[in-house]
Amino acid sequence: MKRSFGQFLYYQIFGIEIKPIAIKLDKNESYKTTEHDPLINFIIYLADLFTNYCLPYRLSPVSLAIPGLVLNAIVFLLVYTSAQLERYHYVLWLISRYFTYVFDMIDGKQARRNKSQSLARHYWDHWCDTMNIAMSTMTLIRIYPEDFKYRIPSTVLVSMTPMGFYVNFFRYYCTGQLIEPYTLHLWHYVYVLCLSAPVIVFDTEIPMNIDFQVMLATLSAVYTIVYIMEFIEYIISISRSPLFSIKLFLMIFLPTFIWISVYVIVIINQTTIDCPTEQIIFRCFAIFILSNHAINVHYQQLINESAHFLTIDSFIFIFSLFVLTINDCHCRLILLSILLTFLLSAYFIRLIVRLRTFIDKHPDMGFSLLIVTKDNMKNIDNITNGNK
């Protein structure tokens, strides 16, 4: 039956049910792309050696994500509760970024090594990743020099980091392939080193040096270009998916377009937010909203359900815009603080509820925090998101 354009459009937006592509969490990592260049293969080889020869066999991979999460939270709180940034802030940020990356590489390897892979652990691992990305992004905003002459490349880069993570989850949802962006990882850690090392070696005044600013701006621009190329690759992968439709396109970009547009408008318009604390809270709010939406997409994938256009978080974000129209600065600050507290509380409550859902579905696998027992060591090749 031939459809008119209106019928086609209606079907594409409302008539299609978009369920995730099947994934299988097996010991061969078939849900990942394993072809990498020699440098990446060497890093993965070192991670394998560390996992196999340095970690206790029964150590739970769940525990490996906790130190990075705690360290990022400590650094985040330290840099925002200190009146002036000191060298040790940059030292801690540098350590937290590399520390988190190393343990993020080995937790999955440890799970496959002691056969403790599960949907609960898979979700926990990526939930920790989204939290670490959000806190690291906020930390970077803080430690980046405020009086920076060439700020635009880094501002674009900071904005793209959570967005790229979000679209990567959607690519996983649409293709069933979790492709680790190792090239981006390398650029990120070069960037982290170049920003923090000069401050650690010399002093906190080095960011005001014009040569340092030119170097960092150039590195930011190159890193941003690499990020954009990776982002385009994400979109191409999604467009080739059998799930691709107008509805999917809107599902991915409509919420983020609204959030990022409003975020940029509010941040640029200095008369809207004239209180430094208020700016911090609003930025936290926007970044955690996007991170939360990313992990929501991943959760819907793991329970084999269609992702949502807009969530309750979207409406909370929209409500925050009305808060910004209030004239009283103190009133705005209090209301934004309440909204951010509510958002973060919901974030943690959802984590507990969702982990409980996965554990109840596979009670034999459990969710060991420290030691994996023999009862929890199962055949991980049978773990899927429910698709056949």
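In what follows, the accompanying structure is described. Quick caveat: nothing in here was measured; it's all calculated off a predicted structure.

Description of the packing of helix H4 (residues 87-113) against helix H5 (residues 119-143)
So, point 1. The N-to-C vectors of H4 and H5 enclose an angle of 165°; their axes lie 11 Å apart at closest approach. Taken together, the axes of H4 and H5 are roughly antiparallel relative to one another. Crossing hand, H4 versus H5: left-handed. Packed against H4, whose contacting residues are Tyr-90, Trp-93, Arg-97, Thr-100, Asp-104, Asp-107, Gly-108 and Ala-111, the element H5 presents Arg-121, Asp-125, Asp-129, Asn-132, Ser-136, Thr-139, Leu-140 and Ile-143 at the interface.
So, point 2. A per-class count over the contact of H4 with H5 returns five nonpolar, five polar and six charged.

So, the packing of H5 against helix H12 (residues 329-361)
So, point 1. For the pair H5 and H12, interaxial distance at closest approach is 9 Å and the crossing angle is 160°. Judged by the inter-axis angle, H5 sits roughly antiparallel to H12. Crossing angle aside, the handedness with which H5 passes H12 is right-handed. For the pair H5 and H12, the contacting residues are Leu-119, Ala-120, Tyr-123, Trp-124, Trp-127, Thr-130 and Met-131 in the first and Tyr-347, Phe-348, Leu-351, Arg-354, Leu-355, Phe-358 and Ile-359 in the second.
So, point 2. Counted by class, the contact of H5 with H12 contains 12 nonpolar, one polar and one charged residues.

Overview of unusual backbone geometry
So, point 1. The residue Lys-115 is not glycine, and still its phi comes out positive at about 60°.
So, point 2. You can call Lys-115 partly exposed: its relative accessible area is 45%.
So, point 3. The backbone of Asn-304 sits at a positive phi, close to 60°, despite the residue not being glycine.
So, point 4. Residue placement: Asn-304 occurs in the loop between helix H10 (276-302) and helix H11 (312-324).

As for the pattern of salt bridges
So, point 1. For the structure shown, the criterion picks out two salt bridges.
So, point 2. For the salt bridge of Arg-356 with Asp-360, the shortest nitrogen-to-oxygen distance reads 3.2 Å. With Arg-356 and Asp-360 both in helix H12 and four residues apart, the pair spans about one turn of that helix.
So, point 3. Residue classification places Asp-360 among the exposed positions, given a relative accessible area of 52%.

A short note on the packing of aromatic side chains
So, point 1. Here the structure, examined in full by the defined rule, presents 17 aromatic pairs.
So, point 2. On the numbers, 5.2 Å between centres and 80° between planes, the contact of Phe-165 with Phe-169 is edge-to-face. Taken together, the residues span about one helical turn, with Phe-165 and Phe-169 both in helix H6 (residues 152-175) at a distance of four residues.
So, point 3. Its relative accessible area of 4% is what places Phe-169 among the buried residues.
So, point 4. A ring pair is formed by Phe-249 and Phe-253, whose centres lie 5.0 Å apart and whose planes are at 50°; its orientation type is tilted.

A look at the environment of Met-251
So, point 1. Along the chain, the position of Met-251 falls in helix H9 (residues 246-268).
So, point 2. Taking the relative accessible area as the measure of exposure, Met-251 reaches 0% and is therefore buried.
So, point 3. Sequence separation of Met-251 and Phe-170 is 81 residues, and the distance between their C-alpha atoms is 9.6 Å.

Regarding the side chain of Ser-82
So, point 1. Topologically, Ser-82 is positioned in the loop between helix H3 (61-81) and H4.
So, point 2. When sequence neighbours within four positions are dropped, the list of residues in contact with Ser-82 reads Tyr-88, His-89 and Arg-142.

The rules behind the values
Counting of residues starts from 1 at the beginning of each chain's written sequence and follows it residue by residue. Only residues with pLDDT of at least 70 get local features here, since the model is predicted, and only at 80 or more are side-chain atom pairs given and counted; chain-wide, interface and lining totals rely on the full set of residues. By convention in this description, side-chain values take in all heavy atoms of the structure and omit both hydrogens and water. Working convention: axes come from line fits to C-alpha atoms, limited for helices to the stretch in contact. Angles between N-to-C directions cover 0 to 180 degrees. Comment: elements are numbered from the N terminus, with helices defined as DSSP H or I runs of at least four residues and strands as E runs of at least two. For classification purposes, angles smaller than 35 degrees are called roughly parallel, those larger than 145 roughly antiparallel, those between 65 and 115 roughly perpendicular, and all remaining angles oblique. We call a crossing left-handed when the near helix sits turned anticlockwise from the far one by less than a right angle, and right-handed when that turn is clockwise. The contact definition used throughout considers only heavy atoms, calling two residues in contact when any of these lie within 4.5 Å. The residue classification treats Ala, Val, Leu, Ile, Met, Phe, Trp, Tyr, Cys and Pro as nonpolar and Asp, Glu, Lys and Arg as charged. All others, Gly included, are polar. Under the scheme applied here, a residue whose accessible area is under 20% of the maximum for its type counts as buried, over 50% as exposed, and between as partly exposed, the area being computed with a 1.4 Å probe on protein chains only. By salt bridge we mean one thing: a side-chain nitrogen of Lys or Arg within 4 Å of a carboxyl oxygen of Asp or Glu. The aromatic pairing rule takes the rings of Phe, Tyr and Trp, using the six-membered ring of Trp, and pairs them if the centres are within 6.5 Å, calling planes under 30 degrees apart stacked, those over 60 edge-to-face and the rest tilted.

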